[in-house]
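Residue-level structure breakdown
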Amino acid sequence: MDLCNMEEIRALLSRHNFHFSKALGQNFLIESWVPQEIADASGAGAGYGVLEIGPGIGPLTVQLAQRADKVASVELDQTLLPILAETLADYDNVAVIPGDVMKLDLSAVVAQQFPGLTPLVCSNLPYNITTPVLTLLLESGLFSAITVMIQKEVAQRICAQPGAGAYGAFSVLCQYYAKTEFLFDVPKECFLPSPKVTSAVIRLTPCPPPECVHNKELFFRVVRGAFGLRRKTLLNALSAAFPLNKEQLRNCIQSAGLSPEIRGERLSILEFALLADEIEKSL
C-alpha cells in the first residue's frame, strides 16, 4: 500500500470510516519524497530506536521502520489505531503506543522500547502541540537527535539568531539545549487536507548546557522577563519581572556590558547569562 497515494489514502480512510480532526491538527502526507527525506535526515539506522509522535496513517513510520531497529509511535487518536494495525502489519519492529505523549513517562518508554539502542525522535508533529512537546523532549535529555516537521514560522523562530525578528524566548530555550538546524521546506500542497501554512523540517541535536549559565532557573527567568514586554527596552521589560528598582536594574545591565536601552531580542545566550549573574548578585 502506498501511504502517500491520494486514492489509496481515501480508500483506506473510507474503509475505516475515519474523519479528520481539526482539534488534533491532522494533516496526512501525500508526497512520498517528504517522509523519505525526513527519515533520511533523522539519522535513523541500525542500532537506533526511534520515538515518533502522531504517526497518522504511518507513511513516516514505514520509512523509519525500514531504517531503524525499532520504532515506537505514540498516537492520541483512538480511531487511527485500527488503521495503523493495517498499514503497519508488515513491520514487526514497530510498536504503536496509544495515548498522549505529554502524559507518558518518557524514561520508561525509552527503557521499555529501546533497550540497548540509541534513542532519537523523528516526527511530523501536530502544529498545536509543537512548543510543549519540543520542550518536553529537550528537557528530558533522553534523545541523541530530534528531527521534526512543524509549522515553518515556528521552525524559523527556533533557529533564529539574536537580532532577528523571529528570535524570542523559545529560540533561547531550544538553543540552550541543542544545536538547531533548519533543513527544508514542505509546501502545504503535500498534505491532505492542505493546511493554511507552509511546513518545515528542523533537526535539534542536544548538547551540554552552556557553561556560561550558572543559575538555570534565574537565567530563564531573565529570558522570559526580557521577552515578556518585547517592544520595551531591556530595562523596562525587566522592571516588570524583578523586585528591583530601575536604578538597581540599570546597574545590573551595565555591569553585564549592555546598554539599558537595548531590547531583549538582541541578546545572545552568553549575554543573558552575564545579565543573570549580575541580577543574582543584587537579589
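Rules and cut-offs
Residues numbered from 1 in each chain as written. Predicted model: local features only at pLDDT ≥ 70, side-chain atom pairs only at ≥ 80, totals over all residues. Heavy atoms only, no water. Helix = DSSP H or I, 4+ residues; strand = E, 2+ residues; numbered from the N terminus. Buried < 20%, exposed > 50% of the residue type's maximum accessible area, 1.4 Å probe, protein only. Contact = heavy atoms within 4.5 Å. Areas by Shrake-Rupley, 256 points an atom, 1.4 Å probe, with all protein chains shown as cover. Lys, Arg positive; Asp, Glu negative; His and termini not counted. Charge placed at Lys NZ, Arg CZ, Asp CG, Glu CD. Salt bridge = Lys/Arg side-chain N within 4 Å of Asp/Glu carboxyl O. Polar contact = N/O pair within 3.5 Å; in protein donor to acceptor, adjacent residues only side chain to side chain.

Bringing the overall build of the protein chain into the picture now. From N to C terminus, the protein chain includes 12 helices and nine strands. Dimensions of the protein chain along its principal axes, counting C-alpha atoms only, are 70 × 40 × 30 Å. The buried share among the 283 residues of the protein chain stands at 51%. By sequence separation, contacts in the protein chain at least 24 residues apart represent 67% of the contacts at least 6 residues apart. Carbon and sulfur atoms provide 50% of the accessible area of the protein chain, an area that totals close to 12700 Å². Here the protein chain carries 23 positive and 29 negative side-chain charges, and the mean point of each set is 10 Å from the other.

Another aspect to go through is the pattern of salt bridges. Applying the stated rule across the entire model yields seven salt bridges. Measuring nitrogen to oxygen at the nearest pair gives 3.0 Å for the salt bridge that ties Asp-185 to Lys-152. In this pair, Asp-185 is assigned in strand β7 (residues 178–186) and Lys-152 in helix α7 (residues 152–159), connecting sequence segments 33 residues apart. The exposure class assigned to Lys-152 is partly exposed, which follows from its relative accessible area of 24%. A salt bridge links Arg-157 to Glu-153; the shortest N-O distance between them is 3.6 Å.

Relative to the helices and strands, Glu-75 is located in strand β3 (residues 70–75). The sequence separation of Glu-75 and Asp-100 amounts to 25 residues, and the corresponding C-alpha distance is 7.1 Å. Discounting chain neighbours no more than four positions away, the residues touching Glu-75 are Gly-54, Pro-55, Gly-56, Leu-80, Leu-81, Leu-84, Ile-97, Pro-98 and Gly-99. Within the structure, the side chain of Glu-75 is placed 3.4 Å from the backbone nitrogen of Gly-56, a separation counted as a polar contact.

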